[in-house]
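Now for the letters of each chain:
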Amino acid sequence: MPFQTISAERVLNFSNVGGISAKGAFPDAVPYVSEIQPEQVTKPAPGGLAPWQVKRVTAHIDTRLSEKLCLDGLAELAKLSTSYFSAAFRRSFGTSPHVYITARRVERAKQLIADGMPLCEVALECGLADQAHLSRVFRRVAATTPTAWRQKQKRLAAARIAA
């Protein structure tokens, strides 16, 4: 599965070619972005981050999702220059730091939404400006709105209980 995840993300990372957005042309690939997990990066990729750097950076990101995360701070944690860190991160994870952080924020939002937290509080807890920002980011990554996702999860839970 990691090969599929990385391949889908690489497809999404292409810029507009001939006026066609890769994300618009390949909407089925969008869900793979949120499936990238730190444990999938098992062997260091050539030119990528070392295992200790992967652990340190992913732990920092996961514990500080509600805060503003900057590339300079992450590069400092890995003891690399900003430009080298960005390239090494992409080689290790198959995606940019920004896309990875956004995907982790959406995963965290899904957990909080499933726990019944109000969307305005979820947004702040996930480091997003407000509920509208949460909705835009959530829709872009999960291909549905937070409210629709919550309702679907409730229906699935009810179906599991009934079964």
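Residues numbered from 1 in each chain as written. Predicted model: local features only at pLDDT ≥ 70, side-chain atom pairs only at ≥ 80, totals over all residues. Heavy atoms only, no water.

1. Looking at the packing of aromatic side chains
In the structure shown here, the tally under the stated rule is 5 aromatic pairs. Ring geometry for F85 versus F89: centroids 5.7 Å apart, planes at 55°, classification tilted. Residue F85 and its partner F89 are both found in helix α6 (residues 82-93); the two are separated by 4 residues, about one turn of the helix. Using a relative accessible area of 0% as the deciding quantity, one classes F85 as buried. Residue classification places F89 among the buried positions, given a relative accessible area of 0%. A network of ring pairs unites the aromatic residues F85, F89, F93 and Y100 as a single cluster. (Phe/Tyr/Trp six-rings, centres within 6.5 Å; stacked < 30°, edge-to-face > 60°. Helix = DSSP H or I, 4+ residues; strand = E, 2+ residues; numbered from the N terminus. Buried < 20%, exposed > 50% of the residue type's maximum accessible area, 1.4 Å probe, protein only.)

2. Structural notes on the side chain of R105
Position of R105 relative to the elements: it lies in helix α7 (residues 97-114). Buried and unpaired, R105 has E67 as its nearest opposite-charge partner, separated by 8.2 Å. A distance of 2.9 Å separates the side chain of R105 from the backbone oxygen of C126, its partner in a polar contact. (Lys, Arg positive; Asp, Glu negative; His and termini not counted. Salt bridge = Lys/Arg side-chain N within 4 Å of Asp/Glu carboxyl O. Polar contact = N/O pair within 3.5 Å; in protein donor to acceptor, adjacent residues only side chain to side chain.)

3. Here we look at the environment of L69
Structurally, the position occupied by L69 is in the loop between α4 (51-63) and α5 (71-77). Here the alpha-carbon distance between L69 and I101, two residues 32 residues apart in the chain, equals 8.4 Å. Not counting the four nearest positions on each side in its chain, L69 is found in contact with H60, I61, R64, I101 and R105. (Contact = heavy atoms within 4.5 Å.)

4. A closer look at the nonpolar core
L49, V57, I61, L74, F85, F89 and F93 are the most contacted members of the largest nonpolar core, which totals 15 residues. Per-element tally for this core: the top contributor is α6, with 4 residues. Grouped together as the second largest cluster of nonpolar side chains are 14 residues, A109, L134, V137 and F138 included. (Core = buried A, V, L, I, M, F, W, Y, C linked by side-chain atoms within 4.5 Å.)

5. Considerations on the pattern of salt bridges
Scanning the entire structure with this criterion turns up 3 salt bridges. Between R104 and D62 there is a salt bridge; the shortest N-O distance is 3.1 Å. Residue R104 is located in helix α7, and its partner D62 is located in helix α4; the two are separated by 42 residues in the primary sequence. By relative accessible area, R104 is classed as buried at 15%. For D62, a relative accessible area of 32% translates into the label partly exposed. Among the ionic pairs, K110 bridges to E107, the shortest N-O distance being 3.8 Å. Pair noted here: K110 and E107 are both in helix α7, with a separation of 3 residues, about one helical turn. Take E107: its relative accessible area is 22%, and that puts it in the partly exposed class.

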